[in-house]
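Coordinate inspection notes
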Amino acid sequence: MSQYKAIILVGGPSRATRFRPLSLDVPKPLFPVAGAPIISHHLAALSKVEGLQEVLIIGFFEDNVFARFLDEAASEFPKLHIRYLREYQSLGTAGGLYHFRDEILRGNPQQFFVMHVDIACAFPLNEMLKAHMSHRGLCTMLGTKVPREQATKYGCLVAKADTNEVLHYVEKPETFISDLISCGVYLFDTAVFVEMKKAIDRKKDVNHEESDYLWTASDDRLRLEQDLLRPLSENRKLYVYVTEEPWRQIKTAGSAIAANATYLEQQAKENPDRLVNKSANGPEIIGAVYIHPSAQVDPTAKIGPNVSIGPRVHIGKGVRIKDAIILDSVQIGAGSCVLHSVIGWNSKIGAWARVEGSPITDHNIAMMENGIKSQSITILGKEVSVLDETIIRNCIVLPHKELKSSFHSEILM
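Residues numbered from 1 in each chain as written. Predicted model: local features only at pLDDT ≥ 70, side-chain atom pairs only at ≥ 80, totals over all residues. Heavy atoms only, no water.

Looking now at the packing of aromatic side chains. Across all of its chains, the model carries eight aromatic pairs by this definition. Geometrically, the ring pair formed by Phe19 and Phe31 is edge-to-face, given 5.3 Å between the ring centres and 80° between the ring planes. Here the residue Phe19 occupies a position in the loop between strand E1 (4–11) and strand E2 (32–33), and Phe31 occupies one in the loop between E1 and E2, the gap between them amounting to twelve residues. The buried category is assigned to Phe19, whose relative accessible area is 0%. (Phe/Tyr/Trp six-rings, centres within 6.5 Å; stacked < 30°, edge-to-face > 60°. Helix = DSSP H or I, 4+ residues; strand = E, 2+ residues; numbered from the N terminus. Buried < 20%, exposed > 50% of the residue type's maximum accessible area, 1.4 Å probe, protein only.)

Encoded structure:
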């Protein structure tokens with residue numbers, strides 16, 4: 001019998017459209033950030049919670065999407081029993097929890113974590129457990145403060161300063177309410193399923209008032225934030241644990257760069273052996289850099305900070321890379337420069353080329369504004385070729401393109 005369980009919500013293939021072109025070749029939860037799939041960072045944090053033995057991944061991807069990853073995760077995290085549960089349709093962020101409630105309750109866990117997959121942070125789960133035990137509300141949510149102008153893009157909450165009891169919760173309010181937002185990590189008592197049943201009954205009642213038809217499967221969606229957390233806050237059963245550690249949301253393809261930096265900086269503090277060390281014979285390394293053992297980097301290259309280099313990558317003489325993710329089997333020619341960019345699988349960048357994006361703090365901005373491409377991270381999809389002495393700046397490039405001339409602020413289809 002395990003004291004705790006954890007659920008990671010991964011959504012499905014109809015989601016992550018904003019993560020294109022990267023999600024065209026790999027589902028967002030399995031996209032590598034800081035040298036490991038996004039979801040692996042969640043599992044690494046969960047493996048440090050004493051008494052937590054089972055993790056359920058809930059979504060509506062095909063079963064085979066996670067099959068290989070689950071095999072690898074079983075050996076990497078031997079203490080965790082990890083399973084994938086597929087929804088028969090998109091049930092909403094809380095609908096999947098309620099649908100699989102028997103699986104979650106099996107073994108009589110006392111509490112369970114719920115984590116959205118599209119976030120990057122330090123995951124202070126043990127601290128959340130300690131805070132939860134002190135107040136014994138039904139739910140403790142992880143919160144953080146963001147700049148005032150960005151707050152309305154998230155779930156905002158108002159909490160008592162002394163007790164951290166949440167007095168008010170609104171998902172993406174139209175006007176400013178608070179700069180304290182939900183991080184997408186929750187710790188629930190199992191009694192929360194009673195509240196979920198009440199939420200479903202409320203939706204049924206509304207539907208019956210509006211229609212004489214029976215409640216159909218298409219109405220089976222239950223939203224965690226709107227349908228559950230708001231009533232919990234109104235009933236004084238919701239609390240917040242506020243973290244000051246860096247937190248990032250991974251919505252757009254460009255936001256993977258900020259998440260990559262967050263995890264690399266965290267590993268530099270907690271697990272520096274995983275990162276590349278500076279050596280007299282190796283390339284010049286600045287800050288936190290991950291290089292896969294199978295990658296070949298010329299000693300005259302200058303790498304970092306916040307760079308991840310994947311398997312079988314070949315980096316030529318004098319190359320400069322900063323704030324970037326270089327994916328599997330990429331080749332970068334001599335004298336080239338890659339800044340604030342994601343370079344897709346099997347892509348080739350010629351000699352003396354420049355691929356550059358713009359460092360941005362808010363990754364929720366629209367891709368196009370007034371018909372003009374917004375400043376953002378540059379993304380090259382799978383198998384893109386950039387010819388010698390070519391400049392690609394502030395562009396998103398779909399897979400299998402050959403770029404023979406320079407481009408600026410374009411989406412290249």
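Read on, since the account is not over.
Let us look at the packing of helix H1 (residues 38–46) against helix H2 (residues 63–76). Interhelical geometry of H1 versus H2 gives an angle of 30° and a closest axis separation of 12 Å. The pairing of H1 with H2 is recorded here as roughly parallel in orientation. Crossing of H1 against H2: the hand is right-handed. Where H1 abuts H2, its residues Ile39, Ser40 and Leu43 lie against Phe69, Ala73 and Glu76. (Axes fitted to C-alpha atoms, helices over the stretch in contact; angles between N-to-C directions. Parallel < 35°, antiparallel > 145°, perpendicular 65-115°, else oblique. Left-handed = near helix turned anticlockwise from the far one by under 90°. Contact = heavy atoms within 4.5 Å.)

A few words now on the sheet that holds strand E16 (residues 296–297). Pairing is parallel in the open sheet, where six strands are placed in the order E16-E19-E21-E23-E28-E31. In the strand order of this sheet, the two ends are held by E16 and strand E31 (402–403), each with one partner. Of the pairings in the sheet, the one linking strand E23 (residues 348–349) to strand E28 (residues 385–386) comprises two bridges and is parallel in character. Across the sheet, residue Ile349 finds its bridge partner in E28, namely Val386. (Pairing = 2+ DSSP bridges.)

The subject of this paragraph is the nonpolar core. Counting residues in each nonpolar core, the largest one holds 66 residues, and the members touching the most others are Phe31, Leu43, Leu46 and Leu125. Phe31 has contacts with Phe19, Leu22, Val26, Ala36, Pro37, Ile38, Ala256, Ile325, Leu327, Val342 and Trp345, leaving out every residue within four places of it along the chain. (Core = buried A, V, L, I, M, F, W, Y, C linked by side-chain atoms within 4.5 Å.)

This part takes up the side chain of Ser329. Structurally, Ser329 is set in the loop between strand E20 (320–326) and strand E21 (331–332). A polar contact is formed between the side chain of Ser329 and the side chain of Arg312, at a distance of 3.3 Å. In this structure, Ser329 is in contact with Pro311, Arg312, Val313, Asn346 and Ser347, ignoring residues within four places of it in sequence. (Polar contact = N/O pair within 3.5 Å; in protein donor to acceptor, adjacent residues only side chain to side chain.)

With that out of the way, let us pick up H2. For H2, which comprises 14 residues, the first-to-last C-alpha distance of 20 Å matches the rise-based estimate of 20 Å (1.5 Å per residue) to within 8%. In H2, a bend of some 30° at Phe69 exceeds every other bend along the element. Buried residues of H2: Phe66, Phe69, Leu70 and Ala73, and no others. In the core, the buried residues of H2 are packed alongside E1, strand E3 (36–37), H1, strand E4 (52–59) and strand E5 (81–86). (Expected span 1.5 Å × (residues − 1). Bend = angle between axes of the 7 residues up to and from the residue.)

Another aspect to go through is the pairing of E5. Two faces, one strand: in a regular strand the side chains alternate between the faces of the sheet. Here six bridges tie E4 to E5, and the two strands are oriented parallel to one another. From the neighbouring strand, Ile58 faces E5, where its bridge partner is Leu85. Crossover connection from E4 via H2 to parallel E5: handedness right-handed. (Right-handed = clockwise from strand over helix to strand, strands pointing away.)

Counting across every chain of the model gives 17 salt bridges. Note that Glu54 is salt-bridged to Lys5, the shortest N-O span being 2.9 Å. One end of the pair, Glu54, is in strand E4; the other, Lys5, is in strand E1, with 49 residues separating them in the sequence. Lys5 matches Glu54 in its accessibility class, with the two residues each being buried. We note a salt bridge from Arg86 to Glu62, for which the minimum N-O separation is 3.3 Å. Of this pair, Arg86 sits in strand E5 while Glu62 sits in the loop between E4 and H2, and the two are 24 residues apart along the sequence. (Salt bridge = Lys/Arg side-chain N within 4 Å of Asp/Glu carboxyl O.)

Further remarks concern the confidence of the model for the protein. This prediction gives the protein a mean pLDDT of 88; 92% of its residues lie at or above 70. In the model, residues 208–218 has pLDDT below 50 throughout and makes nine contacts with residues more than four positions away in sequence or in other chains. (pLDDT = per-residue confidence, 0-100.)

Next up on the list: a negative patch on the surface. A surface patch of negative charge is lined by Glu127, Glu244, Glu245 and Glu270. Residue placement: Glu244 occurs in the loop between strand E12 (238–242) and strand E13 (247–249). Glu244 sits in the exposed class, given a relative accessible area of 81%. (Patch = residues over 30% accessible without salt bridge, like charges linked within 9 Å, V, L, I, M, F, W, Y side chains within 5 Å. Areas by Shrake-Rupley, 256 points an atom, 1.4 Å probe, with all protein chains shown as cover. Lys, Arg positive; Asp, Glu negative; His and termini not counted. Charge placed at Lys NZ, Arg CZ, Asp CG, Glu CD.)

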